[in-house]
Amino acid sequence: MEFLELVKTRYSVRRYKPDPVPEEDVMSCLEAARLAPSASNSQPWEFIVIKTPELRKHIAESTYSRLISFNKFALQAPLIVAVIMKKGHILSQIGASLQGTPYQLIDIGIAAEHFCLQAAERGLGTCMLGWFNEKKVRKLLEIPKSKKIALLITVGYPADSPKPKQRKEMNAMVQKL
Ligand SMILES: Cc1cc2nc3c(=O)[nH]c(=O)nc-3n(C[C@H](O)[C@H](O)[C@H](O)COP(=O)(O)O)c2cc1C
């Protein structure tokens with residue numbers, strides 16, 4: 001697929017078919033994430049692939065509550081991937097601190113989007129979830145406090161269809177000097 005076409009194809013999928021995600025597709029998404037650029041090439045990420053139904057259900061349940069239920073769709077996803085943010089390379093940490101820019105978060109965002117774009121290229125749907133009970137997920141996945149659970153990504157075959165993209169106009173985004 002032509003790159004801009006792929007970018008237009010990816011959308012946040014919030015309804016999934018129950019069909020499992022083929023292992024080779026998961027691996028190609030992980031490979032795309034692995035190849036992402038990062039500050040000082042520090043690659044401050046780990047990806048945890050959660051397939052086991054019982055664990056996946058518990059993880060999905062940590063993304064919503066009775067009060068805030070917009071992520072309840074995560075229960076349908078046949079696969080959930082947790083994106084863990086580790087401390088960056090010492091050079092990246094120093095640079096980030098001096099520059100006042102959280103490079104690790106930028107790195108995680110790029111890797112996560114590589115993952116999602118590759119999924120879209122394979123006909124899979126994804127949704128990045130930034131809203132979840134981190135404490136609960138940390139306990140379920142046994143993640144130490146030295147690492148942050150930055151994102152969960154739901155993955156599966158879409159059972160919905162894309163809506164037109166809501167984006168700011170080009171001139172609200174770009175300044176040409
Ligand atoms: C860091 C991040 C966190 C997000 N968290 C959630 C979330 O918790 N629940 C959700 O339904 N969508 C979440 N999204 C998806 C955004 O709502 C979505 O990307 C945005 O509305 C644009 O729509 P599109 O992805 O369909 O193009 C998140 C996206 C990002 C990048």
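Above this text is the structure in question.
Here the structure is a predicted model, which means the values were calculated and not measured.

Thresholds, definitions, all that
- Position numbers for residues count from 1 along each chain, tracking the sequence in the order it is written.
- Owing to the predicted nature of the model, reporting of local features is limited to residues with pLDDT of at least 70; listing and counting of side-chain atom pairs is limited to 80 or more, with chain, interface and lining totals taken over all residues.
- Side-chain metrics in this entry use all non-hydrogen atoms of the structure; hydrogen atoms and water are not considered.
- Being near a molecule or strand, for a residue, comes down to having at least one heavy atom within 4 Å of it.
- Here a polar contact means two N or O atoms within 3.5 Å. Within protein one must be a hydrogen donor candidate and the other an acceptor candidate, and residues neighboring in sequence count only if both atoms are side-chain atoms.
- Using a 1.4 Å probe, the Shrake-Rupley method yields the accessible areas, and only the shown protein chains count as cover for residues.
- Comment: elements are numbered from the N terminus, with helices defined as DSSP H or I runs of at least four residues and strands as E runs of at least two.
- We call Asp, Glu, Lys and Arg charged. Ala, Val, Leu, Ile, Met, Phe, Trp, Tyr, Cys and Pro are nonpolar, and the rest, Gly among them, are polar.
- Categorising residues by exposure relies on relative accessible area from a 1.4 Å probe, with only protein chains included: less than 20% of the type maximum marks a residue as buried, more than 50% marks it as exposed, and the intermediate range marks it as partly exposed.
- We define a nonpolar core as any set of buried Ala, Val, Leu, Ile, Met, Phe, Trp, Tyr and Cys residues linked to one another through side-chain atoms lying within 4.5 Å.
- Contacts were defined at the residue level, with two residues in contact if any of their heavy atoms lie within 4.5 Å.
- For two strands to count as paired, DSSP must find a minimum of two bridges between them.
- Only the stretch in contact is used when fitting a helix axis, every axis being a line fitted to C-alpha atoms; angles between N-to-C directions are given from 0 to 180 degrees.
- With respect to orientation, any angle under 35 degrees is reported as roughly parallel, any angle over 145 as roughly antiparallel, any angle of 65 to 115 as roughly perpendicular, and every other angle as oblique.
- Put simply, a crossing is left-handed when the front helix is turned counterclockwise from the back one by less than a right angle, and right-handed when it is turned clockwise.

Further remarks concern the site of the ligand. Near the ligand there are 15 residues, and of these Ser 12, Arg 14, Asn 71, Lys 165 and Arg 167 occur at the shortest range. A distance of 3.1 Å separates a nitrogen atom of the ligand from a polar atom in the backbone of Met 128. Between the ligand and Trp 131, the relevant distance is 3.3 Å, taken from an oxygen atom to a main-chain nitrogen or oxygen of the residue. Within the complex, the protein chains bury 61% of what would otherwise be the 620 Å² of accessible surface of the ligand. Top element by residues in the shell around the ligand is strand S3 (residues 125–129). It accounts for 3 residues. Among the residues making up the shell around the ligand, the classes are represented as 8 nonpolar, 3 polar and 4 charged.

Our focus in this paragraph is unusual backbone geometry. Even without being glycine, Ser 40 reaches a positive phi, approximately 55°. In this structure Ser 40 comes out as partly exposed when scored by relative accessible area, which is 40%.

In this section: the nonpolar core. Within soluble globular proteins, side chains that are nonpolar generally end up buried alongside one another. Core analysis: the largest hydrophobic core is formed by 23 residues, its most contacted members being Phe 47, Val 81, Ile 108, Phe 115, Ile 153 and Val 155. Going through the elements one at a time, helix H2 (23–34), strand S1 (45–50), strand S2 (79–85), helix H5 (103–121) and strand S4 (148–156) are the ones with two or more residues in this core. At 6 residues, the largest contribution of residues to this core is made by H5. What Ile 153 contacts, discounting residues up to four positions off in sequence, is Leu 79, Ile 80, Val 81, Val 83, Ala 112, Phe 115, Cys 116, Thr 126, Cys 127 and Met 128. Core analysis: the next-biggest nonpolar cluster, separate from the first, contains 20 residues, Ile 80, Ala 82, Leu 129 and Ile 149 among them.

Remark on secondary structure: sheet strands pair via backbone hydrogen bonds, oriented parallel or antiparallel. Spatial strand order, S1-S2-S4-S3: 4 strands in an open sheet with antiparallel pairing. Looking at strand neighbours, the two that pair on one side only are S1 and S3, the edges of this open sheet. With direction set aside, neighbouring strand axes in the sheet form an average angle of 20°. The pairing of S1 with S2 spans 6 bridges and is antiparallel. In the strand pairing of S2, Phe 47 is matched with Val 83. Here helix H3 (residues 53–61) sits on the sheet and contacts S1, S2 and S4; the angle it forms with S2, its principal contact strand, is near 65°.

Okay, the packing of H3 against helix H6 (residues 134–141) next. The description of two packed helices rests on the angle between their axes and on the distance between the axes. Relative to each other, H3 and H6 sit at 165°, their axes nearing to 9 Å. Comparing the axis directions of H3 and H6 gives the class roughly antiparallel. H3 and H6 meet at a crossing whose hand is left-handed. Contacts between H3 and H6 involve Leu 55, His 58, Ile 59 and Glu 61 from the former and Lys 136, Val 137, Leu 140 and Leu 141 from the latter. Per-class residue counts for the contact of H3 with H6 are 5 nonpolar, 1 polar and 2 charged.

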